[in-house]
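Chain by chain, the residues:
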Amino acid sequence: GMSGGDPDISTPSPKESSQWPTGVTIHKNAAGEVECPIMEAAVKSPDRSVGYQDYNGVRYYFCCDMCPEKFRANPSKYAEKPKDDQKVTAEPSRH
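Not measured: the values here are computed from a predicted model. (Residues numbered from 1 in each chain as written. Predicted model: local features only at pLDDT ≥ 70, side-chain atom pairs only at ≥ 80, totals over all residues. Heavy atoms only, no water.)

Engineer: What is the right way to look at the overall build of the protein in this model?
Structural biologist: Scanning the protein from terminus to terminus reveals 2 helices and 5 strands. Counting helices and strands in the order they occur from the N terminus, the protein gives β-β-β-β-β-α-α. Residue burial in the protein is summarised as follows: out of 95 residues, 24% are buried. Approximately 7600 Å² of the protein is accessible, and the part contributed by carbon and sulfur atoms is 50%. (Helix = DSSP H or I, 4+ residues; strand = E, 2+ residues; numbered from the N terminus. Buried < 20%, exposed > 50% of the residue type's maximum accessible area, 1.4 Å probe, protein only. Areas by Shrake-Rupley, 256 points an atom, 1.4 Å probe, with all protein chains shown as cover.)

Engineer: What should I look at first to understand helix H1 (residues 66–73) in this one?
Structural biologist: One turn of the α-helix equals 3.6 residues, which is why residues spaced by three or four share an orientation. Every buried residue belonging to H1 is among Cys-67, Pro-68 and Phe-71, and all of these are buried. Down the axis of H1, the smallest arc covering the buried residues is 100°, so these residues share one side. Residues of H1 that are exposed and point more than 90 degrees away from the buried face comprise Met-66, Glu-69 and Ala-73. Those residues of H1 hidden inside the fold are in contact with strand E2 (35–36), strand E4 (52–55), strand E5 (58–61) and helix H2 (75–78). (Arc of directions from axis to C-beta. Contact = heavy atoms within 4.5 Å.)

Engineer: What should I look at first to understand the pairing of E4 in this one?
Structural biologist: If a strand is regular, its side chains alternate between the two faces of the sheet. In terms of strand pairing, E4 meets E5 through 4 bridges, oriented antiparallel. In the sheet register, Asp-54 faces E5, and the bridge partner there is Arg-59. Between E4 and E5, which follow one another and run antiparallel, lie 2 residues, and Asn-56 among them has a positive phi close to 55°. (Pairing = 2+ DSSP bridges.)

Engineer: Any chance you could explain the packing of aromatic side chains here in plain terms?
Structural biologist: The description of two aromatic rings rests on the distance between their centres and on the angle between their planes. Under the defined criterion, the tally for this structure stands at 4 aromatic pairs. Aromatic pair Tyr-55 and Phe-71: ring centres 6.0 Å apart, planes at 90°, arrangement edge-to-face. With a gap of 16 residues between them, Tyr-55 in strand E4 and Phe-71 in helix H1 connect regions that are remote in the sequence. Note on Tyr-55: relative accessible area 23%, which makes it partly exposed. On the numbers, 4.9 Å between centres and 40° between planes, the contact of Tyr-60 with Phe-71 is tilted. Linking Tyr-60 in strand E5 with Phe-71 in helix H1, this pair joins segments that are 11 residues apart in sequence. The exposure class of Phe-71 is buried, given its relative accessible area of 2%. A network of ring pairs unites the aromatic residues Tyr-55, Tyr-60, Phe-62 and Phe-71 as a single cluster. (Phe/Tyr/Trp six-rings, centres within 6.5 Å; stacked < 30°, edge-to-face > 60°.)

Right under this line is the structure:
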């Protein structure tokens, strides 16, 4: 139920919304904004999203209620391609 407060789950204040969970990569667009993978629309901040899904170590936030369902139905269609698909060389990548 949503009514009882769970002490293990802390609700981040707006000030903390810029601090991402450690070990989790947030899916963002080229501008560095949190992006919904379904609509490819910027999500203002994680606390403004309707929810998220973790897939392959990447956390995807969604802009509207239908997006999480679409993502769960076919995550590989919307998710970032795994890094393993690219040719991995010993040299550090130069961007």
